[in-house]
Amino acid sequence: MSLAQVVERKVERIAATGNHAAAYATREVDIDVAAIYPITPQVQIAEKIAEMVANGELDAEIIPVESEHSAMSAVVAASAVGARAFTATSSQGLELMHEILYIASSLRQPVVMALATRALSAPINIWNDYGDVISMRDTGWIILFSETVQEVYDNIIQAYRIAEHPDVLLPVAVTLDGYILSHTIEPLELVTREEALKFAFKRPRGYRPVLDPDDPITIGPLAAPNWYYEIKRQQIEAIRNAGRVVREVGREYGKIFGRTYDLLEPYMIDDAKIVIISLGATASLVKAAVNRLRKQGEKVGMVKIRLYRPFPAEDLIKVIEDVDAVGVLDRAVVYGSPTEGPLFNDIAVTLATRGIHKLLVSFVHGLGGRDIFVNDVIAMYKKIKRFAEEGRSPEKTVFFGVKGEEV
Amino acid sequence: MGVNKPIKVLWDIPREERFAPGHSMCQGCGAAITMRHLAKIMDKNTIIAMGTGCVEVTTTLFPRTSWRNPWIHLAFENTAAVASGVEAALKALSRKKIIDDSRRIKVVAIAGDGGTFDIGLQSLSGMLERRHNVMYVVYDNEAYMNTGIQRSSATPYGAWTTTTPIGTKLRGKPQPKKDIITIALAHGIPYIATANIAYPVDMVEKFRKAYEVDGPSLVHVYSPCTPGWRIRNEHTIEVARLAVQTGVWVQLEIIEGEPRVTIKVPRRKHVRHYLRIQGRFRHLTDSDIETIQKMVDEYVEKINKWVGEEAIGPVVE
């Protein structure tokens with residue numbers, strides 16, 4: 001499709017919150033089953049889906065479950081029948097689902113879930129951080145982070161195409177920063193249902209093993225030590241290969257709708273000496289900080305990680321191989337780790353296993369919804385620069401913005 | 001779908017076996033008998049959702065299976081939620097003409113007492129309240145047998161299990177069995193029954209009705225466990241029959257809230273006949289047995305009052 005054709009597409013632009021954008025995306029891809037359960041801050045996704053079903057905009061079966069554990073169980077089961085299934089959650093709801101998160105990926109069911117990120121209890125806190133999504137890091141799900149309301153919408157449409165790809169067959173989680181995206185109204189370009197279904201097309205039932213009376217199979221059996229390991233090895237291979245599909249799908253999406261997606265997004269990287277790496281909506285702040293620093297003549301760039309799992313190690317190496325120092329912003333912690341930033345740890349391992357030495361700084365910020373501003377990112381940049389001038393990486397994570405701790 | 005005519009005598013029970021042999025269930029396993037007869041009333045157009053437990057691990061050891069129907073297992077506490085998801089998907093896909101609507105595919109959920117009375121109670125309640133068209137079968141062997149005989153809320157008063165051992169201060173389970181039937185009844189579902197493997201015609205007829213009902217149904221099946229109850233393999237049916245003959249277990253059917261007793265017992269046997277045949281009760285003293293007899297008497301009185309007749313008679317030696 002040429003650029004002219006892209007421009008010719010009649011595009012409906014509306015204003016929407018991230019939560020509503022997530023719900024609209026499920027309408028565009030014509031989901032069959034949604035399990036809904038209220039939790040802040042994703043609850044408007046559930047409300048909007050219920051509303052769309054009630055007024056006939058969306059032909060789906062809603063299962064108003066009695067818990068998130070049942071929500072995840074029900075969508076995995078619905079997917080095993082061949083239905084396009086969806087659910088959404090946050091924080092404690094995700095934690096209640098946890099047991100079934102592993103089962104969803106291990107049974108290779110292409111479920112899609114929106115996750116309005118929120119801090120974990122205790123103390124109970126309804127505001128944004130990535131404690132919840134990081135807790136599902138190792139569950140075998142594909143995880144896509146969104147930076148804007150538009151990305152939430154685009155990611156969910158792409159998520160079905162990725163999840164249902166015969167080489168993948170894995171569940172996909174799409175994040176939207178709690179409140180920062182879930183409740184913030186931004187411009188949203190809609191895709192029509194016809195376009196969305198042409199892109200994220202529904203494959204015929206039976207292209208993958210499903211619960212079908214004409215071809216009965218047993219899903220979720222007992223596997224003893226003589227088989228378990230091989231089954232897991234296949235699953236490891238599936239998520240490893242998913243990155244290729246995520247890239248292909250993101251490119252094709254760009255060709256049709258004019259917004260191309262990759263596994264990560266570098267910005268002002270070409271001559272950068274220092275690069276700041278972040279996830280989700282935080283990346284917008286980092287971009288603004290980079291713009292301001294560039295005006296002051298600083299050689300700084302940034303990388304936004306879009307595909308968090310499987311981690312795009314090769315892509316990252318390509319974009320940061322020429323920089324001197326890397327600062328990583330984490331909005332979550334892994335307690336008791338040598339360094340407490342989870343994204344930082346992935347990057348450190350990526351570099352170390354390839355024998356690449358860089359000056360690395362791990363920052364944790366914004367836990368429990370504590371705001372950070374462009375000036376804070378600039379302060380972090382200055383800190384990285386100071387370490388770079390001294391020529392040493394700090395051994396410990398810097399907890400930025402904690403009362404009583406100077407940076 | 002299913003079996004169209006009522007099961008009145010033994011030869012009305014379908015000959016077809018949809019539960020394949022070669023599984024690894026114990027000799028004399030009550031749950032195995034339950035599964036074999038349950039599978040007989042299903043036709044091809046049935047999807048089974050099963051919870052973790054004895055039956056699940058003994059019938060699906062990869063790469064073999066005993067199930068000739070589509071079958072799915074996720075975990076322990078979510079059988080009803082899994083069945084809900086299957087049913088909702090069938091509804092949506094039938095409406096969208098992806099699945100032929102005329103097939104009327106039925107969903108059968110199967111779980112043990114631990115997976116139903118205890119850890120799966122919330123998910124069961126949700127499924128019943130939402131009115132999913134699912135037949136739910138609980139095979140009750142009165143303890144966590146898959147992990148090696150630990151008490152559940154379905155374990156009866158006084159029974160030995162590995163977590164209600166016989167010590168100097170505590171002797172067996174101090175609490176009575178949970179009443180799952182009343183809990184199901186509180187959800188106002190169209191069909192509820194208790195069944196017992198010693199009465200196969202009654203049991204299969206109840207399976208048939210629960211399967212045919214449009215909406216949620218629950219069948220609670222008495223399924224003795226030979227190692228767990230410390231009974232001889234050849235005593236499974238004997239113990240199951242004595243449970244009914246002593247009034248410990250009453251064969252109930254509740255259609256749209258209206259209860260009736262399907263196997264009447266005009267003259268009850270004393271409960272000691274039931275208890276003394278099982279090793280799990282061997283520690284009971286005569287006075288303990290009299291306590292249990294009183295509990296059974298009260299239960300029988302409650303049932304008779306509820307069904308409005310003396311369906312279960314007095315103890316006659």
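## A few points about the pattern of salt bridges
All names here are of chain B.
Part 1 of the argument: Evaluation of the coordinates by the stated rule reveals 54 salt bridges over all chains.
Part 2 of the argument: Note that Glu-17 and Arg-36 form a salt bridge whose closest N and O atoms lie 2.7 Å from each other. Here Glu-17, found in the segment before helix 1 (30-41), pairs with Arg-36, found in helix 1; they are 19 residues apart in sequence, far enough to count as distant.
Part 3 of the argument: With a relative accessible area of 37%, Arg-36 lands in the partly exposed category.
Part 4 of the argument: Between Glu-309 and Lys-264 there is a salt bridge, and its shortest N-O distance comes to 3.1 Å.

## Some remarks on the packing of helix 1 of chain B against helix 7 (residues 200-212) of chain B
Residues and elements named next belong to chain B.
Part 1 of the argument: The N-to-C vectors of helix 1 and helix 7 enclose an angle of 50 degrees; their axes lie 9 Å apart at closest approach. By the angle between their directions, the pair helix 1 and helix 7 is classed as oblique. The chirality of how helix 1 crosses helix 7 is right-handed. Every residue of helix 7 that contacts helix 1 at Ile-33, Thr-34, His-37, Leu-38 and Ile-41 is listed here: Pro-200, Met-203, Val-204, Phe-207, Arg-208 and Tyr-211.
Part 2 of the argument: Taken together, the residues that form the contact of helix 1 with helix 7 break down as eight nonpolar, two polar and one charged.

## Structural notes on the domain arrangement of chain A
Residue and element names in this part refer to chain A.
Part 1 of the argument: Here chain A is described as being made up of domain 1 (3-257) and domain 2 (264-399).
Part 2 of the argument: On a C-alpha basis, the centres of domain 1 and domain 2 stand 28 Å from each other.
Part 3 of the argument: With 28 residues of domain 1 at the interface, the matching set in domain 2 holds 24 residues.
Part 4 of the argument: Summing both sides of the interface, domain 1 and domain 2 together bury roughly 2100 Å²; the carbon and sulfur share of this comes to 54%.
Part 5 of the argument: Three residues stand out in domain 1 for area buried against domain 2, namely Arg-137, Phe-145 and Glu-147, and they jointly supply 32% of the buried area on that side.
Part 6 of the argument: On the surface where domain 1 and domain 2 come into contact, there are four salt bridges.
Part 7 of the argument: Ionic pairing is found between Arg-247 and Asp-315, a salt bridge with its closest N-O pair at 2.6 Å.
Part 8 of the argument: Looking at the side of domain 1 that touches domain 2, the elements that each hand over two or more residues are helix 6 (131-135), strand 6 (142-144), helix 7 (149-163) and helix 9 (228-257).

Calculation criteria
- Residues numbered from 1 in each chain as written.
- Chains lettered and ligands numbered in written order.
- Predicted model: local features only at pLDDT ≥ 70, side-chain atom pairs only at ≥ 80, totals over all residues.
- Heavy atoms only, no water.
- Salt bridge = Lys/Arg side-chain N within 4 Å of Asp/Glu carboxyl O.
- Helix = DSSP H or I, 4+ residues; strand = E, 2+ residues; numbered from the N terminus.
- Buried < 20%, exposed > 50% of the residue type's maximum accessible area, 1.4 Å probe, protein only.
- Axes fitted to C-alpha atoms, helices over the stretch in contact; angles between N-to-C directions.
- Parallel < 35°, antiparallel > 145°, perpendicular 65-115°, else oblique.
- Left-handed = near helix turned anticlockwise from the far one by under 90°.
- Contact = heavy atoms within 4.5 Å.
- Nonpolar A, V, L, I, M, F, W, Y, C, P; charged D, E, K, R; others polar.
- Domains from an automatic or database assignment.
- Buried area = accessible area lost by both parts, 1.4 Å probe.

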